[in-house]
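Residues per chain are reported as follows:
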Amino acid sequence: MAVPESKTALLEAMEKSAIALRKKLDRIPANMAFEPCLEGHAAGTTMSAANLVSYLIGWGEQVLYWHQQEAAGGEIDFPAKGFKWNELGKLAQKYYADYAHVQSWPELLLLLEDNQHRLRERVESFTDEALYHQPWYGKWTRGRMIQFNSVSPWKNASARLNPLLKTLASST
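Residues numbered from 1 in each chain as written. Predicted model: local features only at pLDDT ≥ 70, side-chain atom pairs only at ≥ 80, totals over all residues. Heavy atoms only, no water.

(A) Seen up close, the pattern of salt bridges. A full pass over the atoms with the stated rule returns eight salt bridges. The closest approach of N and O atoms between arginine 22 and aspartate 26, which form a salt bridge, is 2.7 Å. Here arginine 142 and glutamate 70 are joined by a salt bridge, their closest N and O atoms 2.8 Å apart. Of this pair, arginine 142 sits in helix H6 (residues 142-148) while glutamate 70 sits in helix H2 (residues 49-71); the two residues are 72 residues apart in sequence, bridging distant segments of the chain. What you see here is one network of salt bridges that share partners, running through Arg22, Asp26 and Glu113. (Salt bridge = Lys/Arg side-chain N within 4 Å of Asp/Glu carboxyl O. Helix = DSSP H or I, 4+ residues; strand = E, 2+ residues; numbered from the N terminus.)

So, in structure tokens, the structure goes:
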């Protein structure tokens, strides 16, 4: 799929990626969701499917927070307060910790679904002009920054789940 360059294309990419990811997440049994069996976001680490979902929720909430900061007239913390772009592995660990209290796989999936819905609503609130025809962060447009931190991680997460799903399929 091409990189979205319009509001319509971004919304379509968000919907398609969210549906594909959800189909894979729905195949993971709740009793396996919290087992660290996936390659982690930091080198040499492992994570669980629950960690992966927590990471996605964390990024989604971060994108929404950027927009809250902007609406309040404040300085936007890119990527997140206390983190630099070269510390994304540490930021991933923070996101895992932020949702570690959620010990129900269905509840975690509902949080992700809600987050994805609110991200789509945020995109729908902007014009195509505001999303793609002016820089928002450095050289990047608002739409591109949203895509970098929603659609791209959703696709990456979907790919990360493939080895686990293959193992699950072969053991049945």
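And the narrative resumes.
(B) Highlighting the nonpolar core. Membership of the largest hydrophobic core comes to 52 residues, with the highest contact counts inside it found for Leu25, Ile28, Trp105 and Leu161. Counting residues per element, the ones that place at least two in this core are helix H1 (7-25), H2, helix H3 (88-98), helix H4 (105-124), helix H5 (128-132), H6 and helix H7 (151-170). Filtering out sequence-adjacent residues up to four positions away, isoleucine 28 remains in contact with Ala33, Ala49, Trp105, Leu161, Leu164, Leu165 and Leu168. (Core = buried A, V, L, I, M, F, W, Y, C linked by side-chain atoms within 4.5 Å. Buried < 20%, exposed > 50% of the residue type's maximum accessible area, 1.4 Å probe, protein only. Contact = heavy atoms within 4.5 Å.)

(C) Representation of the packing of aromatic side chains within the structure. Tallied over the full model, the rule gives ten aromatic pairs. Here the aromatic rings of tyrosine 55 and tyrosine 95 are separated by 6.4 Å at their centres, their planes lie at 65°, and the arrangement is edge-to-face. Placement of tyrosine 55 in helix H2 and of tyrosine 95 in helix H3 is noted, with a sequence separation of 40 residues between them. In this structure tyrosine 55 comes out as buried when scored by relative accessible area, which is 15%. When its relative accessible area of 2% is taken as the criterion, tyrosine 95 is described as buried. Ring centres of tryptophan 66 and phenylalanine 78 lie 4.7 Å apart, and the angle between their planes is 55°; this geometry places the pair in the tilted category. In this pair, tryptophan 66 sits in helix H2 while phenylalanine 78 sits in the loop between H2 and H3, placing the two residues twelve residues apart along the sequence. On the basis of relative accessible area, phenylalanine 78 is assigned to the buried category, the value being 16%. (Phe/Tyr/Trp six-rings, centres within 6.5 Å; stacked < 30°, edge-to-face > 60°.)

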